[in-house]
Amino acid sequence: MQAQQRQHGKPRALLAAWALGLGLGLAAPQALAQAGDPGAARLAATQHSGALAAAQRDLSRFINHQLQRGSAPEGFPFDVQDLRSLKDARIGDGFPVYTIDPDQLLNGRGKMKNMARHANQWRFVVLLGDRPIGLATVERHQGRFETVAYGGAVLSKDLDALAGVHGNADRSNLRLLRIYQARSDLLEVETAGGTRFAPLFSARASLPLQRADAFGRPTAVLADEAELLPALRAAVKRNLDEHR
């Protein structure tokens, strides 16, 4: 009986959590082991399959719940015109989420890749056909993977487009790096020439970077750390000073 209540209650909990974790406030989720630790990297890769299974399970439940309702409530998290089309939605590429402690970003001397820590979170693109319509955010709590929020339609389109350009076959060379105190998302890309970064929508809005063409559309040109780090540090310092 308790399990049945959980299945029916979970979509309602997700309705209340659409916006949780999708914005870039100044508070970051609790980070785990450092990215430079090989053991942490192996653990994150192993956990990805558990996060993917949870994303698929919870999306199916969420869709069934919405179809039973018959109409999309205000502020619906997915970019769809007809709620009935959700029956064909599926989980696409997933990205482990990493973050960097602000003090380490401001004062650290290492590479950003080695400063980054896994945030115990994954973001999965939700697709309708081949069109990204939003993101599913999965977290691990007490050994169980659960979807905690839906939304982020703009970010989903950004991630999907850039992953198609820069990702390898299984997207294992990509990570989502969220610098909460700079209000900036970056797609970290491992290339033959080293680690590079694709500024996503929030970073293009928050940082003084030239990452748009003559029509204002984002380009797929990758940035190196030497270009990004001064802008990130300035944004972190400014935002922290404003909240003191």
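Only a predicted model underlies this, so the values are computations on that prediction, with no experimental measurement involved.

Conventions used here
Residues numbered from 1 in each chain as written. Predicted model: local features only at pLDDT ≥ 70, side-chain atom pairs only at ≥ 80, totals over all residues. Heavy atoms only, no water. Pairing = 2+ DSSP bridges. Helix = DSSP H or I, 4+ residues; strand = E, 2+ residues; numbered from the N terminus. Axes fitted to C-alpha atoms, helices over the stretch in contact; angles between N-to-C directions. Contact = heavy atoms within 4.5 Å. Expected span 1.5 Å × (residues − 1). Buried < 20%, exposed > 50% of the residue type's maximum accessible area, 1.4 Å probe, protein only. Arc of directions from axis to C-beta. Salt bridge = Lys/Arg side-chain N within 4 Å of Asp/Glu carboxyl O. Phe/Tyr/Trp six-rings, centres within 6.5 Å; stacked < 30°, edge-to-face > 60°. Lys NZ or Arg CZ within 6 Å of the ring centre and 35° of its normal.

Visitor: Summarise the sheet that holds strand β7 (residues 194–199); cite the residues concerned and give the values.
Guide: Strand order across the open sheet formed by seven strands is β4-β3-β2-β1-β5-β6-β7, with mixed pairing between neighbours. This sheet does not close on itself; its edge strands, each paired only once, are β4 (144–151) and β7. Going from strand to strand, the sheet's axes swing by 35° on average, the running direction of each strand aside. Note that strand β3 (residues 131–141) and β4 share seven bridges and pair antiparallel. Bridging from a neighbouring strand, T137 pairs with A149 of β4. Taken strand by strand, helix α5 (residues 153–166) contacts β1 (89–99), β2 (117–128), β3, β4, β5 (174–179), β6 (184–191) and β7, and its axis lies near 95° from that of β3. On top of the sheet, helix α7 (residues 225–242) reaches β5, β6 and β7; it is set at about 160° to β6, its chief contact.

Visitor: A description of α5 should follow, citing residues and the corresponding values.
Guide: One full turn of an α-helix is made of 3.6 residues, so residues set three or four places apart face in the same direction. Given a rise of 1.5 Å per residue, 14 residues ought to cover 20 Å, and the 20 Å separating the end C-alpha atoms of α5 matches this to within 8%. For α5, every residue scored as buried is listed here: L155, S156, D158, L159, L162, A163 and H166. Seen end-on, α5 carries its buried residues on one side only, within an arc spanning 160°.

Visitor: How would you summarise the pattern of salt bridges if you had to cite specific residues and measurements?
Guide: Inspection of every chain in the model, using the stated rule, returns 14 salt bridges. Here R131 ties to D79 by a salt bridge, and the two come within 3.2 Å at their closest N and O atoms. Of this pair, R131 sits in strand β3 while D79 sits in the loop between α2 (38–69) and β1, and the two are 52 residues apart along the sequence. In this structure, a network of salt bridges that share partners links the residues R57, D58 and R61.

Visitor: Which residues make up α7, and what values do they have?
Guide: Between its first and last C-alpha, α7 extends 25 Å over 18 residues, near the 26 Å set by a 1.5 Å rise per residue. The elements touched by buried residues of α7 are α3 (102–107), α4 (112–115), β5, β6 and β7.

Visitor: Please set out the environment of M112 residue by residue, giving values where relevant.
Guide: Here M112 shows up in helix α4. The exposure class assigned to M112 is buried, which follows from its relative accessible area of 0%. For the pair M112 and I100, spaced twelve residues apart in sequence, the C-alpha to C-alpha distance is 7.8 Å. The contact partners of M112, leaving out residues within four places of it in the chain, are I100, L177, L186, F197, E225, L229 and L232.

Visitor: For the environment of Q181, give the residues involved together with the corresponding values.
Guide: Tracing the backbone shows Q181 in the loop between β5 and β6. Along the backbone, Q181 and V236 are 55 residues apart, and their C-alpha atoms lie at a distance of 5.1 Å.

Visitor: Could you give me a rundown of the packing of aromatic side chains, with the residues and numbers involved?
Guide: Taken as a whole and assessed by the stated rule, the structure comprises six aromatic pairs. Aromatic pair F62 and Y150: ring centres 4.6 Å apart, planes at 50°, arrangement tilted. Placement of F62 in helix α2 and of Y150 in strand β4 is noted, with a sequence separation of 88 residues between them. Residue F62 shares its accessibility class with Y150, and that shared class is buried. On the numbers, 6.1 Å between centres and 80° between planes, the contact of F76 with F78 is edge-to-face. By relative accessible area, F76 is classed as buried at 15%. Each residue in the set F62, F76, F78 and Y150 is aromatic and connected to the rest through ring pairs, giving one cluster. Here R175 stacks its cationic end above the ring of Y98, 3.8 Å away from the centre of that ring.

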